[in-house]
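# Residue-level structural notes
These are the residues of each chain, in order.
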Amino acid sequence: MDSKTQSLLIPVLIHSTSPIHSARQRKSGAGRGGRAAPPSRPAHSIPSRFLWCKTFKMGAMDVQLESTAVQHGQAKLNVEEHALVSLLSDEKYATEKTEDVDPDDYEKLEEGIMQYGCAHYRRRCRIRAPCCNEIFDCRHCHNETKNSIKIDAVKRHELPRHEVQQVICSLCGTEQEVRQVCISCGVCMGKYFCEVCKLFDDDVSKQQYHCNGCGICRIGGKENFFHCSKCGCCYSIVLKNSHACVEGAMHHDCPICFEYLFESTNDVSVLPCGHTIHVKCLREMEEHCQFACPLCSKSVCDMSKAWERLDEELATISDTCDNKMVRILCNDCGATSEVQFHLIAHKCQKCKSYNTRQI
């Protein structure tokens with residue numbers, strides 16, 4: 001977003017709603033909470049379940065979701081790989097390789113680097129899947145193939161990464177037990193190698209590391225992340241003393257696209273409430289003017305400026321139900337209060353949020 005103001009339609013939740021879509025709806029585009037136009041029918045016929053306020057001008061930073069990353073940090077939980085025991089990635093070895101390693105041996109180790117692999121990894125080996133005994137470039141290639149819609153549903157399955165026992169050198173074709181250096185031609189099959197995850201990768205720019213708490217490898221540099229034992233996953237170091245702990249926060253499907261977050265290769269963001277969601281799905285919510293967590297309905301960013309603008313807008317709208325009082329529950333602070341009924345929205349008396357519902 002730029003600094004210019006823009007017109008947004010902000011949905012006011014009268015009853016709890018959720019932007020969750022099924023996988024089929026996401027592919028077809030159906031079922032999404034798109035940018036709807038304000039209702040043109042008479043006010044008395046507007047459904048009480050979900051109402052739109054009038055279009056009003058709002059500064060881009062009022063509801064800009066990029067601020068979420070600044071305030072709460074963004075947990076990039078790409079499930080990639082790092083070497084527990086890497087021959088070539090060790091910093092000490094990198095600085096002393098010319099002294100301790102014969103130049104011919106080093107040249108052999110480096111042969112073919114970044115020239116082999118697949119769309120997921122640059123590596124100089126392939127793996128034999130222990131589940132179906134077939135050969136694939138990597139476990140992601142296996143999973144994409146074996147979970148294809150063309151495969152019988154009964155035969156679809158995932159490759160258990162820790163159970164891989166055999167690898168095939170891409171340069172000489174020798175099949176052997178999992179190891180970093182080929183026993184036949186002496187080439188290093190992966191500059192980064194994790195013996196636990198059976199992981200090979202020549203692309204060292206990912207800053208891979210193995211997390212013992214998660215039991216798998218991740219990317220982004222170990223110094224930039226910490227493992228939260230209660231949440232059961234790695235988070236950005238920015239969140240170490242400020243994130244809201246939710247037990248098993250990452251061990252569930254994304255509430256928007258339903259991909260399992262703990263092993264997702266896509267970036268994951270942690271919301272202020274502690275729930276997790278794909279970054280791309282959070283962006284999609286922003287595009288459709290959805291600013292409440294799909295799981296608990298709390299606001300996903302600071303909406304105070306938006307509520308102030310809504311105050312100004314509602315002050316210009318007359319309401320014929322001046323004497324009717326209703327009880328509301330605030331989705332943000334959890335407080336209940338009795339307020340004057342309004343056709344458009346109800347304001348929490350404690351935190352001044354309009355993210356409320358009638359009870």
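This structure is a prediction, so every number in the text was calculated from the model and none was measured.

About the cut-offs
Along each chain, numbering runs from 1 in the same order as the chain's sequence is written. Per-residue local features of the predicted model are confined to residues with pLDDT of at least 70, and side-chain atom pairs are confined, for both listing and counting, to 80 or more; whole-chain, interface and lining totals are unaffected and use all residues. With hydrogens and water stripped out, all remaining heavy atoms of the structure feed into the side-chain values. Note on pairing: DSSP must find at least two bridges between two strands before they are called paired. Helical segments are the DSSP runs of H or I of at least four residues, strand segments are the runs of E of at least two, and each set is numbered from the N terminus. In plain words, nonpolar cores are sets of buried Ala, Val, Leu, Ile, Met, Phe, Trp, Tyr and Cys residues tied together by side-chain atoms within 4.5 Å. Burial status follows relative accessibility: with a 1.4 Å probe on protein chains alone, a residue under 20% of its type maximum counts as buried, one over 50% as exposed, and anything between as partly exposed. Residue contacts are counted whenever heavy atoms from the two residues lie within 4.5 Å of one another. Geometry is summarised by axes, namely lines fitted to C-alpha atoms with helices restricted to the contacting stretch, and by angles between N-to-C directions that run from 0 to 180 degrees. Each reported salt bridge corresponds to a side-chain nitrogen of Lys or Arg within 4 Å of a carboxyl oxygen of Asp or Glu. Here a polar contact means two N or O atoms within 3.5 Å. Within protein one must be a hydrogen donor candidate and the other an acceptor candidate, and residues neighboring in sequence count only if both atoms are side-chain atoms.

Moving on: the sheet that holds strand S6 (residues 135-136). A sheet is described by the order of its strands in space; here four strands give the open sequence S6-S5-S7-S8, paired in antiparallel fashion. The open sheet has two edge strands, S6 and strand S8 (175-177), and neither has a second partner. Relative to S6, strand S5 (residues 125-128) is paired through two bridges, and the arrangement is antiparallel. In the strand pairing of S6, isoleucine 127 is matched with phenylalanine 136.

Before going further, it helps to spend a moment on the pairing of strand S14 (residues 233-236). Bridge count for strand S13 (residues 225-228) against S14 is four bridges, and the pairing is antiparallel. Bridge assignment links phenylalanine 225 to a residue of S14, and that residue is serine 236. Linking two consecutive strands that pair antiparallel, namely S13 and S14, is a turn of four residues; a positive phi of about 75° is found at glycine 232 within it.

Counting residues in each nonpolar core, the largest one holds 48 residues, and the members touching the most others are Tyr235, Met250, Cys254, Leu271, Ile277 and Val300. Among the elements of the structure, strand S11 (209-211), strand S12 (216-218), S13, S14, strand S15 (268-270), helix H6 (279-287) and helix H7 (304-314) are those that each provide at least two residues to this core. Considering every element that reaches this core, the biggest residue donor is H7, with four residues. The contact partners of isoleucine 277, leaving out residues within four places of it in the chain, are Cys254, Pro255, Ile256, Leu261, Val268, Ser269, Leu271, Leu282, Met285 and Pro294. Judged by nonpolar contacts, the second largest core, of 14 residues, contains Phe136, Cys169, Val187 and Met189.

With that settled, consider the sheet that holds strand S19 (residues 356-358). Taken together, the three strands give an open sheet; going across it, the order is S18-S17-S19, and neighbouring strands pair in antiparallel fashion. Unpaired on one side and paired on the other, strand S18 (336-340) and S19 mark the two borders of the sheet. Neighbour to neighbour, the strand axes of the sheet diverge by 40° on average, direction disregarded. Alignment of strand S17 (residues 325-330) against S19, held across three bridges, turns out to be antiparallel. Residue isoleucine 328 lies in a different strand from S19, and its bridge partner there is glutamine 358.

Looking at chain direction, S5 and strand S7 (residues 166-169) are connected through four bridges and run antiparallel. Paired with arginine 126 across the two strands is isoleucine 168, which belongs to S7. Pairing of S7 with S8, which is carried by three bridges, proceeds in the antiparallel orientation. Among the inter-strand pairings, glutamine 166 is bridged to a residue of S8, identified as glutamate 177. Linking S7 back to S8 in an antiparallel pair, the connection comprises five residues, with glycine 173 at a positive phi of about 80°.

On to the pattern of salt bridges, then. As enumerated under the stated definition, the model contains eight salt bridges in all. Salt-bridge contacts for arginine 126 lead to aspartate 137; the nearest nitrogen and oxygen are separated by 3.1 Å. Of this pair, arginine 126 sits in strand S5 while aspartate 137 is found in the loop between S6 and helix H5 (139-146), placing the two residues 11 residues apart along the sequence. Residue class for arginine 126 comes out partly exposed when judged on its relative accessible area of 34%. In this structure, lysine 146 engages glutamate 134 in a salt bridge whose closest nitrogen and oxygen atoms are separated by 2.8 Å.

Before going further, it helps to examine unusual backbone geometry. Non-glycine residue asparagine 133 carries a positive phi angle of around 60°. Structurally, asparagine 133 can be placed in the loop between S5 and S6. You will see that phenylalanine 258, though not glycine, has its phi angle at about 70°, which is positive. Mapping phenylalanine 258 onto the fold places it in the loop between S14 and S15.

Mapping serine 353 onto the fold places it in the loop between S18 and S19. Residue serine 353 is classed as buried on the basis of its relative accessible area, which comes to 2%. A polar side-chain atom of serine 353 sits 2.9 Å from the main-chain amide nitrogen of asparagine 355. When sequence neighbours within four positions are dropped, the list of residues in contact with serine 353 reads Trp307, Cys330, Asp332, His346, Lys347 and Cys348.

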